[in-house]
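Descriptive structure summary
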Amino acid sequence: MQSSVTDSRRDTPVSAGPPEQVGPAPRRSSGKAWEWTLAALLLLPNLVLLVVFTYRPLLDNIRLSFTDWNISSPVANPVGLANYVEWFGRDDTRVVVRNTLVFTVATVGISMALGLGLALLLDQKLKGRNLVRSVVFAPFVISGAAVGIAFQFVFDPQFGLVRDLLARVGASSPDFYQQPGWALFMVTVTYIWKNLGYTFVIYLAALQGRRADLDEAAEIDGASAWTRFRRVLMPQLRPTTFFLSITVLLSSVQVFDIINVMTRGGPQGNGTATLVYQVYQETFVNQRAGYGATVATIMFVILLAVTVVQVRFMDRGQKS
Amino acid sequence: MNEFSRRGFLGLAGAAGVAGLAACAGTGTAPSSGGNGGGASSNTIEFWSNHPGNSKPVEQQIIKAFEAANPNLKVKLVDAGKNYEEVAQKFNASLAGGQLPDVVVVSDVTWFNFALNKQLAPLDDLLSAAKIDTSDYVDALYNDYNLDDKHFALPFSRSTPLFYYNKDLWKAAGLEDRGPKDWDEFLTWAPKLKAAAGSDKVVMELPDGSNYLDWVFQNMVWGYGGAYSKEWTPTFSDPNTVKAGKYLQDLAKNGFLKLSKDPAPDFTAGIVGCSMMSTGSLGGVAKDAKFDVGTAFLPGDGNCPTGGAGVGIPANITDERKKNALKFIEFLTNAQNTVTFTQATGYMPVRKSAVDLPEEKAFLEKNPNAKTAIEQLPKTRSQDNVRVLLPGGGARIGKALDQVVQGQDVATVFKALDAESQQVFDSQIKSKLGA
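Each chain has its residues counted from 1, running along the sequence as written. For naming, the first written chain is A and the first written ligand is 1, with later ones following in the order written. A pLDDT threshold of at least 70 governs which residues receive local features in this predicted model, and a stricter bar of 80 or more applies before side-chain atom pairs are shown or counted, although totals over entire chains, interfaces and linings include all residues. For side-chain calculations, the full set of non-hydrogen atoms in the structure is used, while hydrogens and water are omitted.

Points about the overall build of chain A
From N to C terminus, chain A includes twelve helices and zero strands. The numbering of helices and of strands both runs from the N terminus, where a helix is a DSSP run of H or I of at least 4 residues and a strand a run of E of at least 2. Secondary structure elements of chain A occur, N-terminal to C-terminal, as α-α-α-α-α-α-α-α-α-α-α-α. Each residue is placed in one exposure class: buried if its accessible area under a 1.4 Å probe, protein chains only, is under 20% of its type's maximum, exposed if it is over 50%, and partly exposed if it falls in between. Across the 320 residues in chain A, those meeting the buried criterion constitute 45%. By the convention used here, residues are in contact when the closest approach between their heavy atoms is within 4.5 Å. Taking contacts inside chain A between residues at least 6 apart in sequence as the whole, the part at least 24 apart equals 69%. Surface accessibility follows the Shrake-Rupley procedure with a 1.4 Å probe radius. Residue values consider only the protein chains on display as shielding. As presented, chain A carries roughly 17100 Å² of accessible surface, and 66% of it is formed by carbon and sulfur atoms.

A few points about the sheet that holds strand β7 (residues 161-166) of chain B
Residue and element names in this part refer to chain B. Spatially, β11-β8-β12-β7-β13 is the arrangement adopted by the five strands of the open sheet, whose pairing is mixed. Bordering the open sheet on either side are β11 (257-260) and β13 (293-296), each of which pairs with just one other strand. For this sheet the average axis-to-axis angle between neighbouring strands, irrespective of direction, equals 25 degrees. At least two DSSP bridges between two strands are needed for those strands to be called paired. As defined by bridge partners, strand β8 (residues 202-207) adjoins strand β12 (residues 272-278) across two bridges and the pair is classed as parallel. When the bridges of β12 are listed, Met-204 appears paired with Cys-274. Contacts from helix α9 (residues 213-223) reach β7, β8, β11 and β12 within the one sheet, and its direction differs from that of β8 by about 120 degrees. Throughout, an axis means a line fitted to C-alpha atoms (over the contacting stretch in the case of helices), and angles, computed between N-to-C directions, take values from 0 to 180 degrees.

Observations concerning the environment of Lys181(B)
Residue and element names in this part refer to chain B. For Lys-181, the position within the fold is in the loop between α7 (167-172) and α8 (183-197). Of the residues examined, Lys-181 reaches a relative accessible area of 59% and is grouped as exposed. With 120 residues separating them along the chain, Lys-181 and Asp-301 place their C-alpha atoms 8.0 Å apart. Those residues in contact with Lys-181, other than ones at most four positions away along the chain, are Pro-299 and Gly-300.

Some remarks on the packing of α9(B) against helix α18 (residues 393-405) of chain B
Each pair of packed helices can be described by the angle between their axes along with the distance between the axes. All names here are of chain B. Relative orientation of the contacting elements α9 and α18 amounts to 70 degrees, with a least axis distance of 8 Å. On the basis of the axis angle, α9 is roughly perpendicular to α18. Residues Leu-213, Asp-214 and Phe-217 of α9 lie in contact with α18, whose contacting residues are Gly-394, Ile-397, Gly-398 and Leu-401. Partitioned by chemical class, the residues of the contact of α9 with α18 number four nonpolar, two polar and one charged. An angle below 35 degrees is treated as roughly parallel, one above 145 as roughly antiparallel, one from 65 to 115 as roughly perpendicular, and anything else as oblique. Residue type decides the class: Asp, Glu, Lys and Arg count as charged, Ala, Val, Leu, Ile, Met, Phe, Trp, Tyr, Cys and Pro as nonpolar, and the leftover types, Gly among them, as polar.

Concerning the side chain of Gln287(A)
Looking at the element boundaries, Gln287(A) is found in the loop between α11 (275-285) and α12 (289-319). Ignoring any residue separated from it by four or fewer positions in sequence, one finds Gln287(A) in contact with Trp69(A), Asn70(A), Ile71(A), Glu282(A), Asn113(B) and Pro391(B).

Details of the pattern of salt bridges
Here a salt bridge means any side-chain nitrogen of Lys or Arg lying within 4 Å of a carboxyl oxygen belonging to Asp or Glu. Evaluation of the coordinates by the stated rule reveals 21 salt bridges over all chains. Salt-bridge contacts for Asp92(A) lead to Arg90(A); the nearest nitrogen and oxygen are separated by 2.7 Å. Residue class for Arg90(A) comes out partly exposed when judged on its relative accessible area of 23%. Two residues, Arg351(B) and Asp136(B), come together in a salt bridge whose shortest N-O distance is 3.8 Å. In this pair, Arg351(B) is assigned in the loop between α14 (335-345) and α15 (358-366) and Asp136(B) in the loop between α5 (124-129) and α6 (139-142), connecting sequence segments 215 residues apart. By the burial criterion, Arg351(B) is buried, and Asp136(B) matches it. What you see here is one network of salt bridges that share partners, running through Glu86(A), Arg90(A), Asp92(A), Glu282(A) and Arg288(A).

Some points on the domain arrangement of chain B
All names here are of chain B. For each domain, the first and last residues come from an automatic or database assignment. Each assigned domain of chain B is listed with its residue range as follows: domain 1 (31-158 + 308-356) and domain 2 (161-305 + 384-432). Computed over C-alpha atoms only, the centres of domain 1 and domain 2 are separated by 30 Å. Taken together, the eleven residues of domain 1 in the interface contact ten residues of domain 2. Buried surface at the junction of domain 1 and domain 2, summed over both partners, amounts to about 920 Å²; 57% is from carbon and sulfur atoms. Linking domain 1 to domain 2 there are zero salt bridges. For this analysis, a polar contact is any N or O atom pair within 3.5 Å, provided that within protein one partner can donate a hydrogen and the other can accept it, and provided that sequence-adjacent residues contribute only side-chain to side-chain pairs. Taken together, the links from domain 1 to domain 2 amount to one residue pair in polar contact (both at pLDDT 80 or more). Grouping the amino acids of the side of domain 1 that touches domain 2 by side-chain chemistry returns six nonpolar, three polar and two charged. By definition, the buried area sums, over both parts, the 1.4 Å-probe accessible area that each loses when the two are put together.

With respect to helix α13 (residues 319-332) of chain B
Between its first and last C-alpha atoms α13(B) spans 20 Å; for 14 residues at 1.5 Å apiece the expected length is 20 Å, and the two agree. Among the residues of α13(B), Arg321(B), Lys322(B), Asn324(B), Ala325(B), Leu326(B), Phe328(B), Ile329(B), Phe331(B) and Leu332(B) are the ones counted as buried. In a helix, the anticipated span is given by 1.5 Å times the number of residues less one.

Overview of the environment of Phe256(A)
Residues and elements named next belong to chain A. Assignment of secondary structure puts Phe-256 in the loop between α9 (225-253) and α10 (257-262). A relative accessible area of 25% means that Phe-256 is categorised as partly exposed. If sequence neighbours within four positions are ignored, Phe-256 has contacts with Val-276, Tyr-277 and Tyr-280.

As structure tokens, this is what we get:
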């Protein structure tokens, strides 16, 4: 990925190196036309796929959000903004939004922090580090449903691993399946365990491509380890951090398998239900596909806004 | 060419990801006039099943026998999901333009919405034309699929809850070897069972609200003279229904009851004294338990809800395909095959005459716990509409019951449940009834 982009970091202090190049010599217009044609040819297959499988369903989804479509019915009657008014007025909206927020912030924040920590650790020349790297990454390739089933036993309040560990220190196990707070904690921990390998491997790749000479120079200048981390390393990792913050956010918000397998959105109906789970629940359980489409559309708008803010934030960071 | 920055690339990637996420999360499929009805040829019967009770081998065995008896017909067994809900999702997808099956498994909960939206064929005329006598189907099971005096499915993998108990614990508590006559009697037993069980065991464990507590709790509600609804009118605020809710809450408050995702493993492991679970759990529990397993009727007389699934035929396929599909359904659920299916899975025989077949008599002689389920069958009753026919009914009631067990005020929770159920009926069902 790094090789596919150009020089948006050129003007940052850490990457200031060789003088700016003047750029390629001006080309003739036929050359430009050829470049555009080539770009179009290369982009077209993916664009077609995006239009057919992403943008068309997206527009269809938005259209359906203004209807009362029952998923088994051949008829969808227009209802205007009624679904949106209902969503903003319902009591369970608050719970679902709170669950989504808590789950997303926790999974994005913790998995990125832990991933970076592990990457820093396993970037050192340690004995057996390749094995440990594989072990850390392995859960990421296991299916979420399988992980969910396995972790049901880990958190089982009657005979689970957590219960056993707590019993050794004289503590009793919380009932992870009946108390909403603990249930959300359980699915969050499970999700982080499964996906930690992703942030770890991306950060590790970024660390291996960093400029070691800057760190050495700072060390010679007497900078402390913390200062070097904060002032030398983190600015170099900024694009990676930005990339991870978007991709981990999107995958966290999409989580369905682990929640469905472990709690089915419960306890107490929506103790661990997130926005995506609400889309499923409304569409397939309550059969209100129109209302489910409304929740999906709202989720789209929220995520689009968050992504725009992230891009702006990154932009400001570059300029400063 | 303009330069394409890292920021621009990531921004676009993010936007595409967000759009993709919303498109995937949403339904994104326009309603159509109900599938194209195409797909299978008229002499190939496509059977969509989730193989309830790990029944794929026995389904294949029955299909083989059907094909031998009808050489001009073939049956294609399709894995349509791992549970009834997933089969319904796949069927919904096919209604929006895909290829329709000939025979589809529909549960006690999922059939109604398809029938209400005219996506399942009414079977009565087809049954008459094929001269199929329906009087041999167990009445309570056959009538579960009745809407406006028409039947939209025939019973297939039907189950009821049973009262399971640990005979060793019963003995240690000095109780008779039987289930409680009613829930008041159970309350007098509970302290003795708790004393005998010790602190590391649970007297009774039931599935939680996300896992069908609302199904077995109907027994308690009916036992106290209440109901979830009378026809379509929710009756959660009825004093008798509230009384049942308080009983459930008190069991938990006094440490006699715990809820779990699935009581079967805990009961089988011997850490639970008793439970109400499906007859479908019987095979696994009896095989793996290291103690003497007892089964009994649910407490109360005639307070056992039916459950499980039937098989239906899509409305929008050709008459020829419907005729063949019904021929297969009749074979699948005849007395001989319902016995084969029952013995392999633990579900109930759906034909009255099945229990008179010699192989079933021999089986019941060898498996007295299976006999309990058969003997309870005439005492079953169809579930209340607001659980089984109202969209999301089970999940809605389950959520409320979780709250009750966690200590919230029963009357308040049930009053809200009344209002919610009424609102769903008014907005989603009322205008379609009789249409």
